[in-house]
Amino acid sequence: MLSQPTTVVTRRLLHLTQAVAAAPEQPISRLMSDALKNPGLISLAAGFVDEQSLPCQMIEETIARLLRNPMRGRQSLQYGLTEGDANLRLLIAQRYFAGCHDQHAANMVLTAGSNQLLHLITQCLLEPGDLVLCAAPTYFVYLAMLRDLGVDAVSIATDDAGMIPEALDQTLSDLTAQGQRERIKLLYLVPYFDNPAATTMTIHRRQEILQVLERHQTGGPPIALLADNAYRDLRYDGVDEPCFIDCGADPALTIETGTFSKNLAPGIRVGWGVLPEPLRTGLLRRKSVIDFGSPSFSQAIVRQLMLDGLLDDHLKGSLLPTYQDKRDAMVAACQRQLSAIEGVHFQIPQGGLYVWLRLPPEIAASPGAPLWNACLHRGVLYVPGELCFASEGAKIQRNTIRLSFGVQSEAGISKGIELLAQAITEVRASGTTSCC
Ligand SMILES: Cc1ncc(COP(=O)(O)O)c(C=O)c1O
């Protein structure tokens with residue numbers, strides 16, 4: 001009998017570039033994927049939006065209306081301009097800026113979500129080894145992006161109204177005295193309902209920050225201000241604040257960005273930014289070799305919704321009341337369960353999706369710390385606050401937690417906070433509070 005020929009299988013692997021091969025997995029992705037293997041877990045960690053409020057019917061009807069119009073329909077299915085749809089850019093400028101709408105629309109670029117824009121802006125303005133100044137704490141995805149691009153971040157102390165101007169002033173003076181001024185190119189802020197600290201900057205605070213920045217503009221390369229307004233529309237109390245450009249920021253050095261991920265749907269993924277020259281032209285050149293324009297179809301849906309007044313109907317009629325109830329449920333649960341624990345502090349957020357919790361200084365909320373393990377054991381997940389601090393600058397506060405009320409139901413929020421309170425009490429009682 002003839003024997004079967006044996007095939008020798010050689011396992012060949014593609015070679016990654018050095019930069020990609022060296023890139024570490026983001027700690028947050030690791031934590032989430034490990035933790036989410038437990039299906040019963042109540043996640044107060046994910047920054048996702050409320051599932052039930054995603055407006056399927058409104059989008060379905062809008063798409064039908066859009067495609068029934070032969071001209072707009074075909075346009076939405078065609079390639080578009082690299083900078084994005086001109087009509088949508090004007091609508092965005094009119095919505096978020098007090099004046100100069102045509103100018104802002106002309107300077108605007110639309111992207112597939114604002115994260116893409118943050119990446120492009122950073123790539124266009126910063127060399128590896130340059131410095132970005134940011135709040136302590138700040139948006140951890142942006143910190144990860146900076147690390148990935150080889151850019152260093154320095155964090156500045158904050159209070160209940162966001163970055164403290166005197167702390168910014170001091171850091172700029174210190175870095176200048178250390179001969180580091182040449183490296184400072186950007187100040188990154190999330191001025192509305194910050195992710196993670198949930199703070200909003202008043203006009204007064206914005207103007208103070210601008211004055212400090214202005215004082216330090218000489219003596220080195222210009223410092224751009226990047227204002228990431230991702231949560232601006234999610235306000236439950238009080239009145240809107242003007243953006244930095246409307247507070248008198250130098251338009252030649254100021255970048256304002258926003259997104260329709262939080263006020264509409266992240267799956268639509270339309271982000272926008274108003275960019276001064278020469279950044280706009282440089283960024284468009286980069287974008288044109290990457291994708292020569294973000295999806296026209298998503299932009300056409302957002303434009304149609306705005307023209308029909310449906311974005312505001314959705315916000316006022318569904319999203320804001322839903323999130324306000326969830327915010328209230330989280331605040332009530334924190335007051336009920338955590339206020340009695342000495343040393344626990346939180347601010348009631350006026351908007352956004354987060355509550356920022358400070359624990360007694362001796363309790364570390366770090367991954368792997370007794371509190372983290374106790375929470376996982378009980379079935380509740382949070383974002384360890386320390387992931388939101390740059391490694392340089394203001395002290396990393398390991399006793400902090402970001403809680404999100406976007407995804408869970410009100411009952412899930414209450415239960416999650418109850419479990420967290422039990423875990424804190426248990427860890428305090430055991431005396432094993434610090435990170436392992
Ligand atoms: C502060 C901040 N900026 C930007 C983004 C990016 O949003 P997107 O890329 O969906 O527009 C997020 C998302 O969570 C965010 O929290």
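Note on numbering: residues in each chain are counted from 1, in written sequence order. Residues qualify for local features only when their pLDDT is at least 70, as the model is predicted, and side-chain atom pairs are given and counted only at 80 or more; totals for whole chains, interfaces and linings, by contrast, use all residues.

A. View of the domain arrangement of the protein chain. The split of the chain into domains comes from an automatic or database domain assignment. Annotation of the protein chain at the domain level lists domain 1 (19-48 + 313-428) and domain 2 (57-309). Domain 1 and domain 2 are separated by 25 Å when their C-alpha centres are compared. Here a helix means four or more residues in a row that DSSP labels H or I, a strand means two or more in a row labelled E, and each is numbered from the N terminus. Among the secondary structure elements, those contributing two or more residues to the side of domain 1 that touches domain 2 are helix 13 (310-338), strand 11 (354-358), strand 14 (392-393) and strand 15 (400-404). With 8 residues, the single largest contributor to the side of domain 1 that touches domain 2 is helix 13. The classification used treats Ala, Val, Leu, Ile, Met, Phe, Trp, Tyr, Cys and Pro as nonpolar, Asp, Glu, Lys and Arg as charged, and all other residues, Gly among them, as polar. Partitioning the side of domain 1 that touches domain 2 into residue classes produces 17 nonpolar, 11 polar and 4 charged.

B. Geometry of the environment of L117. In this fold, L117 is placed in helix 7 (residues 114-125). Here exposure depends only on C-beta density: within 10 Å of a residue's C-beta, 20 or more other C-beta atoms make it buried, 12 or fewer make it exposed, and intermediate numbers make it partly exposed, the C-beta atoms being placed from the backbone. Overall, the presence of 26 C-beta atoms within 10 Å leaves L117 in the buried class. Taking the C-alpha atoms as reference points, L117 and A333, separated by 216 residues in sequence, lie 36 Å from one another. Residues are defined as contacting one another if the C-beta atoms placed from their backbone atoms lie within 7 Å. Ignoring sequence-local partners within four residues, the contact set of L117 consists of V109, T111, T257, G271 and G273.

C. Just the pairing of strand 7 (residues 224-228), in detail. Judged by how many residues are buried, strand 7 sits mostly within the fold: 5 of 5 residues are covered. What you see with strand 7 is no split at all: A224, L226 and D228 on one side and L225 and A227 on the other are buried throughout. Pairing between two strands requires that DSSP report at least two bridges joining them. Bridging between strand 6 (residues 184-189) and strand 7 involves 4 bridges; their strand directions are parallel. Paired with L186 across the strands is A224, a residue of strand 7.

D. Geometry of the nonpolar core. A set of buried Ala, Val, Leu, Ile, Met, Phe, Trp, Tyr and Cys residues, joined through C-beta atoms within 7 Å, is what we mean by a nonpolar core. Counting residues in hydrophobic clusters, the biggest one holds 118 residues, and the most contacted among them are V132, V355, L371 and C375. Counting residues per element, this core draws most heavily on helix 15 (residues 410-430), which supplies 8 residues.

E. Layout of the packing of helix 7 against helix 8 (residues 140-148). For helices, the fitted axis covers only the stretch in contact; all axes are lines through C-alpha atoms, and the angles between them, taken along N-to-C directions, range from 0 to 180 degrees. Interhelical geometry of helix 7 versus helix 8 gives an angle of 35° and a closest axis separation of 11 Å. For the pair helix 7 and helix 8, the sense of crossing is right-handed. Of the residues in helix 8, those in contact with N115, L118, H119 and T122 of helix 7 are V141, Y142, M145 and L146. Class assignment for the residues of the contact of helix 7 with helix 8 results in 5 nonpolar, 3 polar and no charged. Should the near helix be turned counterclockwise from the far one by less than a right angle, the crossing is left-handed, whereas a clockwise turn marks it as right-handed.

F. Local environment of the sheet that holds strand 15. On the basis of which strands lie adjacent, the open sheet formed by 4 strands has the order 10-11-15-13 and antiparallel pairing. The two strands at the open ends of the sheet, each matched to only one other strand, are strand 10 (345-346) and strand 13 (383-384). Judged from the 2 bridges that link them, strand 13 and strand 15 form a sheet pairing that is antiparallel. By the bridge assignment for strand 15, V383 is matched with R402.

G. Looking closely at helix 15. With 21 residues, helix 15 should reach 30 Å at 1.5 Å per residue; the first-to-last C-alpha distance of 30 Å fits that figure. Listed in full, the buried residues belonging to helix 15 are I413, G416, I417, L419, L420, A421, A423, I424 and V427. On its buried face, helix 15 is in contact with strand 1 (42-43), helix 13, helix 14 (370-378) and strand 12 (380-381). Given the number of residues in a helix, its expected span is that number minus one, multiplied by 1.5 Å.

H. Summary view of unusual backbone geometry. A136 connects to P137 through a cis peptide bond whose omega is 10°. Cis rather than trans, the peptide bond between N195 and P196 has omega equal to 20°. Topologically, P196 is positioned in the loop between strand 6 and helix 10 (203-215). With phi around 45°, F193 is a residue other than glycine that occupies positive phi space. Note that F193 resides in the loop between strand 6 and helix 10.

I. Structural detail: the pairing of strand 8 (residues 254-259). Along strand 8, 6 of the 6 residues are buried, which leaves the element largely enclosed by surrounding structure. Covered by surrounding structure in strand 8 are T254, E256 and G258 together with I255, T257 and T259, the residues of both alternating faces. Sheet analysis places strand 7 next to strand 8, joined by 4 bridges and oriented parallel. Bridging from a neighbouring strand, L225 pairs with T254 of strand 8. Sheet analysis places strand 8 next to strand 9 (residues 271-274), joined by 4 bridges and oriented antiparallel. Each bridged residue has a counterpart across the sheet, and for T257 the counterpart in strand 9 is G273.

J. Examining helix 14 more closely. By the burial criterion, the buried members of helix 14 are P370, L371, W372, A374 and C375. Lining the buried residues of helix 14 we find strand 12, strand 13 and helix 15. One or two steps after helix 14, the chain reaches G379, where phi turns positive at roughly 100°.

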